[in-house]
Amino acid sequence: MHELATLKSLALVSALSLSSILGGDPSLLAEEVDAIPDETGVASEEAADRYRLFEAMLVVGSEIALQELAGSGHVITEVDLERQGYQDVHRVLRQVPGVNVQEEDGFGLRPNIGIRGTGIERSSKVTLLEDGVLIAPAPYSAPAAYYAPTTGRMEGFEIVKGPGSIRQGPYTNGGSINYLSTSIPNAFETSFEAAGGSDGLQRIHVRTGTSGDRAGWLLEAYDLRHDGFKRLDGGGGTGFTLSDYLGKFRIQSRPEAKIGQALELKLGQTRHRGDETYVGLTAADFEVDPFRRYAGSAGDAITTDHDQLQLSYEVRPSQRTRVTVTAYRNDFFRNWAKLDSVAGVGIAALLEDPEEHADALAALRGEVDSEPGSLKVRNNRRDYFSTGVQALLGLELGSGAVEHELELGLRVHEDEEDRFQEDDLYQMLDGRRMFNASGTPGSQANRLSSAEATALFVVDTIRTGRWTLTPGIRV
């Protein structure tokens, strides 16, 4: 984080905080921190206004709110992202203490993220959200899935570690990561960015939108593609393509209305194809060329298709009361066609003991021809959906000696994973993988997993004198 963010975050506290470490009344402390301008010279209150009524959808809300967060938090702003220029979520999150990441593809397309020792495999033990809504394909029944929102179209990240994550769930031991998508701008804006690089890297990012007193909208497109940095024996693609589209539409009450209301619709679609494989290399071949890919892995590829819909309504009956209700639906399909075995020998066993399986390894390398059907390619086909409704009630109670900021949240959620797999048969001929026959659809390791969950949380931020106490519970 830059110096400004560090300055604004000096008041970070845990569940029980003593604001007197900086001296004075905590309300005065908040006023002093709020007065710090951002990089553009605009005070934080004005910068936060771009969220309009929808700050209740955020996990933290602003850098200022970190000072009373139960647990530990970190905000990565749009200014930070623009300065760093990162398009890879691993690089973005590496700067956050307590967050662990492991590379898989070199571009952050399939992130492996852990918080405070929870484990990192496919981010399955971390709550992933986009704009405060669960975004993993099936966060309860099958959280270990190959999907995360596109980092390149985000304008910020909120990371919560420890007890503050009870507001989100279901994974509260480590924490949560909230991806913040581009906000609807306050005035008409259009931007176009294009970039290129080695190995055929191409990136295009376009967005346009505007707001008036009663309505606003945003359209955004992000396209990223790369030819790949690995070398496939016999030639062939090892790169990927990613296309991400987003639309937001909002209507709201007039600024002078006694009861503030807003309704926002968000639609998103992401398409991805990667010529990637699980087949590795023997230790000896890795020493010679770590970027080599065997001919037998040609054609291995992952294809994903994600569609999201969010409809949010917020009403503020008074200055001290707000209600936000969000309905959401996510549909995700993926199929990763991966070489599973050669001549009956599993890939892991083959690479672990290449001398024992010399004939199979020669076929995998494309050095010899193999029998028809000797290469089995598993179509790891999965369909996911998650849907639900979540509501948040915020109340400010009391005055004078003791003040309460009460938050009550409810989520009713359902998700499902449907595995429908089969093995296709190939053989090696003249150094190339040749198709022989399709497997019977649904003939391999099928599984149907589903979950229904109702979650309730209550958090009360109690302020008295120089003390802030934040008890909370999640059921």
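Our subject is the structure listed above.
Just so you know, these numbers come straight off a predicted model, no measurement behind them.

A. Focus on the nonpolar core. Counting 24 residues, the largest nonpolar core has I76, L93, V99, F157, I159, I177 and Y179 as its most contacted members. When contributions to this core are tallied by element, the ones reaching two or more residues are α5 (89–93), β4 (112–115), β7 (154–161) and β8 (175–181). Those residues in contact with L93, other than ones at most four positions away along the chain, are V99, V101, I113, I159 and I177.

B. Highlighting unusual backbone geometry. The peptide bond linking G169 to P170 adopts the cis configuration, its omega dihedral lying at 10°. A positive phi angle, close to 50°, is found at R122, a residue other than glycine. Mapped onto the elements, R122 comes out in the loop between β4 and β5 (127–130). You can call R122 partly exposed: its relative accessible area is 23%. Backbone geometry at D199 places phi at a positive 55°, although glycine is not the residue there.

C. Region of the structure containing the pattern of salt bridges. Within this structure, the stated rule accounts for 32 salt bridges. Note that E422 is salt-bridged to R381, the shortest N-O span being 2.7 Å. Of the two residues, E422 is situated in strand β20 (residues 402–429) and R381 in strand β19 (residues 375–399); the sequence distance between them amounts to 41 residues. Grouping residues by exposure puts E422 and R381 together as buried. Overlapping salt bridges, with partners in common, bring together R231, D233, D285, D289, R292, R365 and E367 in one network.

D. Helix α8 (residues 358–365), seen in detail. Turning to α8, its buried residues number three or more, namely A360, L361, A362, A363 and L364. Where α8 is buried, its residues contact β17 (321–342), α7 (347–352) and β20. One or two steps after α8, the chain reaches G366, where phi turns positive at roughly 80°.

E. Summary view of the pairing of β4. Here β4 shows a buried face lined by N112 and G114 and a second buried face lined by I113 and I115. In the sheet, strand β3 (residues 99–102) pairs with β4 via four bridges, with the strands oriented antiparallel. Within β4, the residue paired with V101 across the bridge is I113.

F. The arrangement of the sheet that holds β7 in detail. Strand order in the open sheet made by the five strands is β2-β7-β8-β5-β6, with mixed pairing throughout. At either end of the open sheet lies a strand with only one pairing partner, and these are β2 (72–76) and β6 (133–134). Relative to β7, β2 runs antiparallel, the two being bridged by five bridges. In the strand pairing of β7, G73 is matched with V160.

G. Summary view of the packing of aromatic side chains. Applying the stated criterion across every chain yields a total of nine aromatic pairs. For the ring pair Y146 and W336, a centre distance of 5.1 Å and an interplane angle of 70° mean the geometry is edge-to-face. Taken together, the residues span a long stretch of sequence, with Y146 in the loop between β6 and β7 and W336 in strand β17 at a distance of 190 residues. Its relative accessible area of 4% is what places Y146 among the buried residues. A centroid spacing of 5.0 Å and a plane angle of 75° characterise the contact between Y278 and W336, whose relative ring orientation is edge-to-face. Pair noted here: Y278 is in the loop between β14 (260–274) and α6 (283–288) and W336 is in strand β17, with a separation of 58 residues, a long-range link.

Cut-offs and rules
- Residues numbered from 1 in each chain as written.
- Predicted model: local features only at pLDDT ≥ 70, side-chain atom pairs only at ≥ 80, totals over all residues.
- Heavy atoms only, no water.
- Core = buried A, V, L, I, M, F, W, Y, C linked by side-chain atoms within 4.5 Å.
- Buried < 20%, exposed > 50% of the residue type's maximum accessible area, 1.4 Å probe, protein only.
- Helix = DSSP H or I, 4+ residues; strand = E, 2+ residues; numbered from the N terminus.
- Contact = heavy atoms within 4.5 Å.
- Salt bridge = Lys/Arg side-chain N within 4 Å of Asp/Glu carboxyl O.
- Pairing = 2+ DSSP bridges.
- Phe/Tyr/Trp six-rings, centres within 6.5 Å; stacked < 30°, edge-to-face > 60°.

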